[in-house]
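Residues per chain are reported as follows:
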Amino acid sequence: MNTTTGRRLTAAALTVVALATATTACSSGGSTSAKSDDGTYTVWDPYPQFAKDSAWVKLLDGCGSKAGVKIKRTAFDTSDLTNKALLAAQQDNSPDVLIVDNPVVSTLAEAGVLTTTDDNKVDTSKVEPNLLAAGQSDGKTYGTPIGANTLALYYNKDVLKAAGVDIASIKDWPSLTAALDKVKKAGKKGITFSAIGTEEGSFQFLPWFWGSGAKLTRLDSQQGVSALSLWTGWLKKGYAPNSVINNTQTTSWQEFASGDYAFAENGTWQLANAEKAGFDYGVLPIPGASGGNAAAPTGGELVTVPVQGDTGRYATAQKLVTCLTSADNLYNTDTTLSYVAPTSVVRDKQVAADAKLKPWAEAVTSARGRTSGDLGTKYPKISEQLWKAVQSALSGAKSPQDALATAQSAVK
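Residues numbered from 1 in each chain as written. Predicted model: local features only at pLDDT ≥ 70, side-chain atom pairs only at ≥ 80, totals over all residues. Heavy atoms only, no water.

J.: Would you mind showing me how to read the overall build of the protein here?
T.: If you tally the helices and strands in the protein, you get 18 helices and 11 strands. Scaling as 2.2 N^0.38, a compact globule of 412 residues should have a C-alpha radius of gyration of about 22 Å, and the protein matches this with 22 Å. Overall, the protein is about 70 × 50 × 35 Å in size when its C-alpha atoms are taken along their principal axes. Within the protein, the fraction of its 412 residues that count as buried is 59%. Put simply, of all contacts in the protein between residues at least 6 apart along the chain, 77% involve residues at least 24 apart. When the accessible surface of the protein is summed, it comes to about 16,500 Å², and 49% of that surface belongs to carbon and sulfur atoms. Averaging the coordinates of the 39 positive side-chain charges in the protein and doing the same for the 38 negative ones gives two points 3 Å apart. (Helix = DSSP H or I, 4+ residues; strand = E, 2+ residues; numbered from the N terminus. Rg over C-alpha atoms; globule rule 2.2 N^0.38 Å. Buried < 20%, exposed > 50% of the residue type's maximum accessible area, 1.4 Å probe, protein only. Contact = heavy atoms within 4.5 Å. Areas by Shrake-Rupley, 256 points an atom, 1.4 Å probe, with all protein chains shown as cover. Lys, Arg positive; Asp, Glu negative; His and termini not counted. Charge placed at Lys NZ, Arg CZ, Asp CG, Glu CD.)

Given below as structure tokens:
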């Protein structure tokens, strides 16, 4: 890979923060400088929730010991990590291993921040192709997934039973809408989701958009309009609350946790909260318009190896990445992160240990990277126009057709 240090970052790289989800930033220790004493390798990750005594940090230290080096780990929130990585690359001060949110990989790759797996020799042969695609750009692979999360429909079994809805009958959009109608007539609430005007809103709309057969390169296609019409129709008929326009995935979950809703679109990260909800729940992969499982967007991070002025560091960095993503370590890490493993062997082990993960495993195998299909750095602009269209249609300002037509024109 031909790169230069002190490189000028692309405009797309500087606007990538639009993809980030805001959380609280913190560091697990010391300076954020990536350069360190001889025998010390640096790892940056987006897991500030894990303290020095956590299983995650112990794993990092263990992988370091196995490679014969010490690990200096720094944790940032997602948006801060991206910005720090871009700035560090300009200064030839990148970490040896960078764990980063998957939609950001293509932007960092285009900016010349990351090495390819051909260069760093990280083996990705056992990773599911649809998950690996989130780390690919222009035919090259820039990282390997540490795990994946995605979206599905949580459902309240008591609400559905009272409404006379058999969950097995829900196979496509018409049968789901029919179930929502029964729930409303039974005096309960239908479905809640997040349609906020941020990446979260796009993230939650994508399964319905893709489930219609639409493509992100043509936002105003007939299929895309049908997906947005589905959501607007639910609001007009009272199957979904008007609050979805401002809902984050957290506030949407809080509505579902009240026990009044039949369904909630949300992710694997809510599993622990689901266990505490106080009612019997299930999980259903989001159905496609005419049946089958819709492709939901992949969440989760990729482990990457940034470009170094001292290329002799790559061999040890490769050992660290291999250790972090080995079968044994993936199982423990993905369980801790509430992620589904990116390899079939580890995923099967997860499902065998916890049958409730089965629908999530199915959803992940159908999932799709937001930057897949060589969208790369085009995705942030497309996503912004998509969430604006969703907001416009749900608020009644424009029809689904007009909202998506405006979005498509803006993307062009």
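From this point on, the discussion continues.
J.: How should the packing of aromatic side chains be read in this particular structure?
T.: Given two aromatic rings, their pairing is described by the distance between the two centres and the angle made by the two planes. Across all of its chains, the model carries 17 aromatic pairs by this definition. Pairing tyrosine 154 with tryptophan 253 gives two aromatic rings, centres 4.8 Å apart and planes at 75 degrees, and the pair type is edge-to-face. One end of the pair, tyrosine 154, is in strand β7 (residues 151–156); the other, tryptophan 253, is in helix α11 (residues 249–257), and 99 residues separate them in sequence. Like tyrosine 154, the residue tryptophan 253 is buried in the burial classification. Among the aromatic residues, those joined into a cluster by ring pairs are Trp173, Phe193, Phe205, Trp208, Phe209, Trp231 and Trp234. Over the face of the ring belonging to tyrosine 331 we find lysine 349, whose NZ or CZ atom lies 4.5 Å from the ring centre. In this arrangement the basic side chain of arginine 368 is found over the ring face of tryptophan 210, its NZ or CZ atom lying 4.7 Å from the centre. (Phe/Tyr/Trp six-rings, centres within 6.5 Å; stacked < 30°, edge-to-face > 60°. Lys NZ or Arg CZ within 6 Å of the ring centre and 35° of its normal.)

J.: Help me understand empty space enclosed by the protein, please; the structure alone is not making it clear to me.
T.: Remark: the empty space left among the atoms is shown by a probe the size of a water molecule rolled over them. Evaluated as defined, the whole model comprises one cavity of 30 Å³ or more. The calculated volume of the largest cavity comes to roughly 50 Å³. For the largest cavity, the full set of lining residues is Asn102, Leu131, Ala134, Pro145, Gly147, Ala148, Thr298, Gly299, Gly300, Glu301 and Leu302. Among the residues forming the lining of the largest cavity, the class breakdown is five nonpolar, five polar and one charged. (1 Å grid on protein atoms, 1.4 Å probe; cavity = no way out; pocket = protein on both sides within 12 Å on 5 of 7 lines; lining within 4 Å. Points joined across faces, edges and corners; volume = space filled by probe spheres on them. Nonpolar A, V, L, I, M, F, W, Y, C, P; charged D, E, K, R; others polar.)

J.: Looking at this structure, I do not really get the confidence of the model for the protein. What am I missing?
T.: Parts of the prediction with low pLDDT should not have their coordinates interpreted in detail. Scored by pLDDT, the protein has a mean of 89; 91% of the residues are at 70 or more. For residues 1–34, every residue scores under 50 in pLDDT, and the model assigns this stretch 76 contacts once sequence neighbours within four places are set aside. (pLDDT = per-residue confidence, 0-100.)

J.: Please clarify how helix α15 (residues 344–353) should be interpreted in this entry.
T.: Three or four residues apart is the spacing at which side chains of an α-helix point the same way, because the helix has 3.6 residues per turn. For α15, every residue scored as buried is listed here: Val346, Arg347 and Gln350. Along α15, the residues classed as buried sweep out an arc of 100 degrees about the axis, all on the same side. Across α15 from its buried face, at more than 90 degrees, point the exposed residues Val345, Asp348 and Ala352. Contact partners of the buried residues in α15: α14 (327–337) and α16 (358–365). (Arc of directions from axis to C-beta.)

J.: Could you clarify how one ought to interpret unusual backbone geometry in this entry?
T.: Excluding glycine, most residues fall at negative phi; most peptide bonds, likewise, are trans. The residue lysine 121 is not glycine, and still its phi comes out positive at about 70 degrees. Of note, lysine 121 is situated in the loop between α5 (117–120) and α6 (129–132). Classification of lysine 121 by relative accessible area gives exposed; the value is 59%. Even without glycine at this site, aspartate 374 takes up a positive phi of about 60 degrees. By the element assignment, aspartate 374 lies in the loop between α16 and α17 (379–394). Overall, aspartate 374 belongs to the exposed group, its relative accessible area being 52%.

J.: Honestly, the environment of isoleucine 245 in this entry has me stumped. Any pointers?
T.: Here isoleucine 245 lies in the loop between α10 (222–236) and α11. Along the backbone, isoleucine 245 and serine 194 are 51 residues apart, and their C-alpha atoms lie at a distance of 6.9 Å. In this structure isoleucine 245 touches Ala195, Ile196, Gly197, Gln391, Leu394 and Ser395, once residues within four positions along its chain are discounted.

J.: What is the right way to look at the sheet that holds strand β8 (residues 189–192) in this model?
T.: Sheet strands line up and pair through hydrogen bonds in the backbone, either parallel or antiparallel. Ordered in space as β8-β9-β7-β10, the four strands form an open sheet in which the pairing is mixed. Of all strands in the sheet, those with a lone pairing partner are β8 and β10 (281–284), marking the two edges. When strand polarity is set aside, the average angle formed by the axes of neighbouring strands in this sheet is 20 degrees. Here β7 pairs with strand β9 (residues 261–267) via five bridges, running antiparallel. What sits directly across from tyrosine 154, in β9, is alanine 264. (Pairing = 2+ DSSP bridges. Axes fitted to C-alpha atoms, helices over the stretch in contact; angles between N-to-C directions.)

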